[in-house]
Amino acid sequence: MANKQALRDLQTRLAERMKQVRSETPGVSWLAVDCAGQGLLLSLKQAGEISDLGPLLPVPHTQPWLAGVVNLRGGVFTVVDLARFLGLRRADAAAHQPQARLVAFNAALGINGALLIDRLEGLRHAADLQAEGESTDNAARPAFALARWRDAAGRWWQEIDLAALAQSPQFLAITA
């Protein structure tokens, strides 16, 4: 008898939770990464597989921010050092820290590319961040730089639209 009641209670709780989940608005979440001390937010819908940094094959006559190509699961991927591309690190600075990782573009974007980032910072959720109001510095941002967010600790995070980044003229101009 007690088992039947426990099962009914469980079913009732599950039904209530399912109703609650259906009525909740889905939250926005990002993969948080660090590039040369700058916090960046990459959409989970646009970011793909995260990999350890393997051996990179350099590509001659390319921009200094193009780190090379790498084999990821049997595919050749172009690797862009995101900190160098964004101007956060000089081209002659040491780049490949032990905690460096590759974040591939989501396969749905149709880009065989990956971004070299300095460190993974975990996940961030819009509910835990506060959006910046209007920019007070009047600095022009590229189209791929979306909103800026601040976390509870006071750290700023720049949201990056990976699809827009991959289509930007600067990103596509890889030849030196």
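Draft legend 1. The sheet that holds strand β5 (residues 75-81), seen in detail. Overall, mixed pairing links the 5 strands, which are arranged β3-β6-β7-β5-β4 in an open sheet. A single partner strand is all that each edge strand has here, and the edge strands are β3 (47-52) and β4 (66-72). Along the sheet, successive strands turn relative to each other by an average axial angle of 30°, direction set aside. Judged from the 6 bridges that link them, β4 and β5 form a sheet pairing that is antiparallel. Bridge pairing in β5 places Leu 66 opposite Val 80.

Draft legend 2. Summary view of the pattern of salt bridges. On inspection of all chains with the given rule, the structure shows 11 salt bridges. Two residues, Asp 52 and Arg 101, come together in a salt bridge whose shortest N-O distance is 3.3 Å. Of this pair, Asp 52 sits in strand β3 while Arg 101 sits in strand β6 (residues 101-105), and the two are 49 residues apart along the sequence. Arg 101 sits in the partly exposed class, given a relative accessible area of 24%. With a shortest N-O distance of 4.0 Å, Arg 155 and Glu 121 are connected by a salt bridge. You can see Arg 155 sitting in the loop between β10 (145-150) and β11 (156-160) and its partner Glu 121 sitting in strand β8 (residues 119-125), a full 34 residues away along the chain. On the accessibility criterion, Arg 155 (25% relative accessible area) is partly exposed.

Draft legend 3. Focus on unusual backbone geometry. Although it is not a glycine, Ala 36 adopts a positive phi angle of roughly 55°. Mapping Ala 36 onto the fold places it in the loop between β1 (29-35) and β2 (38-43). For His 61, which is not glycine, the phi torsion reads 60° and is therefore positive. Exposure remark for His 61: the relative accessible area of 68% places this residue in the exposed category.

Draft legend 4. Up close: the nonpolar core. Leu 42, Leu 115, Leu 162, Leu 165 and Phe 171 are the most contacted members of the largest nonpolar core, which has 22 residues in total. Elements represented by at least two residues in this core include exactly β1, β2, α2 (82-85), β6, β7 (113-117) and α3 (162-167). Excluding anything up to four places from it in sequence, Leu 165 contacts Leu 82, Phe 85, Phe 105, Leu 115, Phe 144, Ile 160 and Phe 171. The next biggest cluster of nonpolar side chains, apart from the first, holds 9 residues, and it includes Val 70, Phe 77, Val 79 and Ala 104.

Rules used in this analysis
Residues numbered from 1 in each chain as written. Predicted model: local features only at pLDDT ≥ 70, side-chain atom pairs only at ≥ 80, totals over all residues. Heavy atoms only, no water. Pairing = 2+ DSSP bridges. Helix = DSSP H or I, 4+ residues; strand = E, 2+ residues; numbered from the N terminus. Axes fitted to C-alpha atoms, helices over the stretch in contact; angles between N-to-C directions. Salt bridge = Lys/Arg side-chain N within 4 Å of Asp/Glu carboxyl O. Buried < 20%, exposed > 50% of the residue type's maximum accessible area, 1.4 Å probe, protein only. Core = buried A, V, L, I, M, F, W, Y, C linked by side-chain atoms within 4.5 Å. Contact = heavy atoms within 4.5 Å.

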